[in-house]
Amino acid sequence: MAMAMSTLLSFSFHSPKPPQKPNSEPIISTKPISLSRRLVFLAGSSTSLCLFLSQFPLIPISSAETKSSSSFLSGISNTKSWFQFYGDGFSIRVPPQFEDLTEPEDYNAGLSLYGDKAKPKKFAARFASSDRSEVLSVVIRSSNQLKITFLEAKDITDLGSLKEAAKIFVPAGATLYSGRSIKIKEDEGFRTYYFYEFARDEQHVALVAAVNSGKAYIAGATAPESKWNDDGLKLRSAAVSLMVL
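The structure presented is a predicted model; accordingly, all values stated were derived computationally and were not measured.

1. Considering the overall build of the protein chain
Within the protein chain one finds 5 helices and 13 strands. With 245 residues in all, the protein chain has 48% of them scored as buried. Summed over its atoms, the accessible surface of the protein chain is roughly 12,500 Å², and 53% of this surface lies on carbon and sulfur atoms.

Structure follows, in structure tokens:
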């Protein structure tokens, strides 16, 4: 199941340089931080990165923070000027010059072929660079497809802790670079987002997932490992811009 979900978000394979191993062991921070809807703190093992999403400028990392922040590859950039795509129950910021590859639904064909059991779209949103080597995609799946339960998941924590949920969202054999729990204050309480960054099959992936009303929203930004040093900040920022509405 985890491999199938991650495969949906990892595609456009080329022949870049093989993934480089990180300098330290993978970091997963399990301690969430409470914050407002537009103010996000990404909690590291020994440092906190404070940033504003969408409508506010990035607050620079303090020089007093340790080099452990490099595990998050220098943080997130401001995406205020980027196009904001609104999908079915979510929004996400799209990097400049990315093309919309989302296929429109053919409702008539779906009904005629599947009737009441029409198959869901593979991608709720899909954008790519002009050479298709860098891809940003969003998939929506029933939380029951990710973890068998009779209860409707209302928050991603219902699927387990950050570490436990990694078995769902990070494919077997991947090199996990970082994991973060992001807690965002909304009108009716708090919503938790899980962030994972990993490499597999010569691809580098930044993935963000959240749950709302029994649906899991997963945003993935991927590129060849050889391009990540140059474009990773942009792609990571796009994934983190996912917002469940």
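From this point on, the discussion continues.
2. Let's talk about helix 4 (residues 162–169)
Structural remark: α-helix, 3.6 residues per turn; residues separated by three or four positions point the same way. Where helix 4 is concerned, the buried positions are Leu162, Ala165, Ala166, Ile168 and Phe169. Around the axis of helix 4, the buried residues are gathered within 155° of arc, so they sit on the same side. Seen from the open side of helix 4, the exposed residues pointing more than 90 degrees away from its buried face are Lys163 and Lys167.

3. Comments concerning the pairing of strand 12 (residues 215–224)
Among the 10 residues in strand 12, 9 count as buried, and that is most of the element. Examined bridge by bridge, strand 8 (residues 135–142) and strand 12 share 8 bridges and lie antiparallel to one another. Looking at strand 12, one finds that Val138 is bridged to Ala219. Sheet topology places strand 11 (residues 203–212) next to strand 12; 10 bridges connect them, and they run antiparallel. Within strand 12, the residue paired with His204 across the bridge is Ala223. Here strand 11 hands over to strand 12 after 2 residues, with Ser213 in that stretch at a positive phi of 50°.

4. Notes on unusual backbone geometry
Of note in this structure, Arg132 is not a glycine but carries a positive phi near 65°. With respect to the helices and strands, Arg132 occurs in the loop between strand 7 (125–128) and strand 8. On the accessibility criterion, Arg132 (30% relative accessible area) is partly exposed. Non-glycine residue Ser213 carries a positive phi angle of around 50°. Mapped onto the elements, Ser213 comes out in the loop between strand 11 and strand 12.

5. Structural notes on the sheet that holds strand 4 (residues 83–86)
Strand order in this open sheet of 3 strands is 4-5-13, and the pairing throughout is antiparallel. Only two strands of the sheet have a single partner each, and these edge strands are strand 4 and strand 13 (243–244).

6. Looking at the nonpolar core
Core analysis: the biggest nonpolar cluster contains 32 residues, and Phe85, Phe90, Ile92, Val138, Tyr193, Val208 and Leu242 have the highest contact counts within it. In terms of residue count, helix 5 (residues 225–240) provides more of this core than any other element does, 5 residues in total. Residue contacts for Val208: discarding those within four places in its chain leaves Tyr193, Tyr194, Phe195, Tyr217, Ile218, Ala219, Ala239, Val240 and Leu242. Residues Phe123, Ala153, Ile168 and Val170 belong to the second largest nonpolar core, which totals 22 residues.

7. Considering the environment of Glu99
By the secondary structure assignment, Glu99 is in strand 6 (residues 99–100). For Glu99, the side chain forms a polar contact with the side chain of Arg132, separated by 3.0 Å.

8. Focus: the packing of aromatic side chains
Enumeration over the complete set of coordinates arrives at 5 aromatic pairs. Between Phe90 and Tyr217, the ring centres sit 6.2 Å apart and the planes meet at 55°, which makes this aromatic pair tilted. Placement of Phe90 in strand 5 (residues 90–94) and of Tyr217 in strand 12 is noted, with a sequence separation of 127 residues between them. Just as Phe90 is buried, Tyr217 falls in that class too.

9. Looking at helix 5
Along its 16 residues, helix 5 runs just 19 Å from first to last C-alpha, ending more than 12% under the 22 Å computed at 1.5 Å per residue. Within helix 5, the axis deviates most sharply at Asp231, by approximately 85°. Those residues of helix 5 lying buried are Glu225, Trp228, Gly232, Leu235, Arg236, Ser237, Ala238, Ala239 and Val240. On its buried face, helix 5 sits against strand 5, strand 8, strand 9 (175–186), strand 10 (189–200), strand 11 and strand 12.

Rules behind the numbers
Residues numbered from 1 in each chain as written. Predicted model: local features only at pLDDT ≥ 70, side-chain atom pairs only at ≥ 80, totals over all residues. Heavy atoms only, no water. Helix = DSSP H or I, 4+ residues; strand = E, 2+ residues; numbered from the N terminus. Buried < 20%, exposed > 50% of the residue type's maximum accessible area, 1.4 Å probe, protein only. Areas by Shrake-Rupley, 256 points an atom, 1.4 Å probe, with all protein chains shown as cover. Arc of directions from axis to C-beta. Pairing = 2+ DSSP bridges. Core = buried A, V, L, I, M, F, W, Y, C linked by side-chain atoms within 4.5 Å. Contact = heavy atoms within 4.5 Å. Polar contact = N/O pair within 3.5 Å; in protein donor to acceptor, adjacent residues only side chain to side chain. Phe/Tyr/Trp six-rings, centres within 6.5 Å; stacked < 30°, edge-to-face > 60°. Expected span 1.5 Å × (residues − 1). Bend = angle between axes of the 7 residues up to and from the residue.

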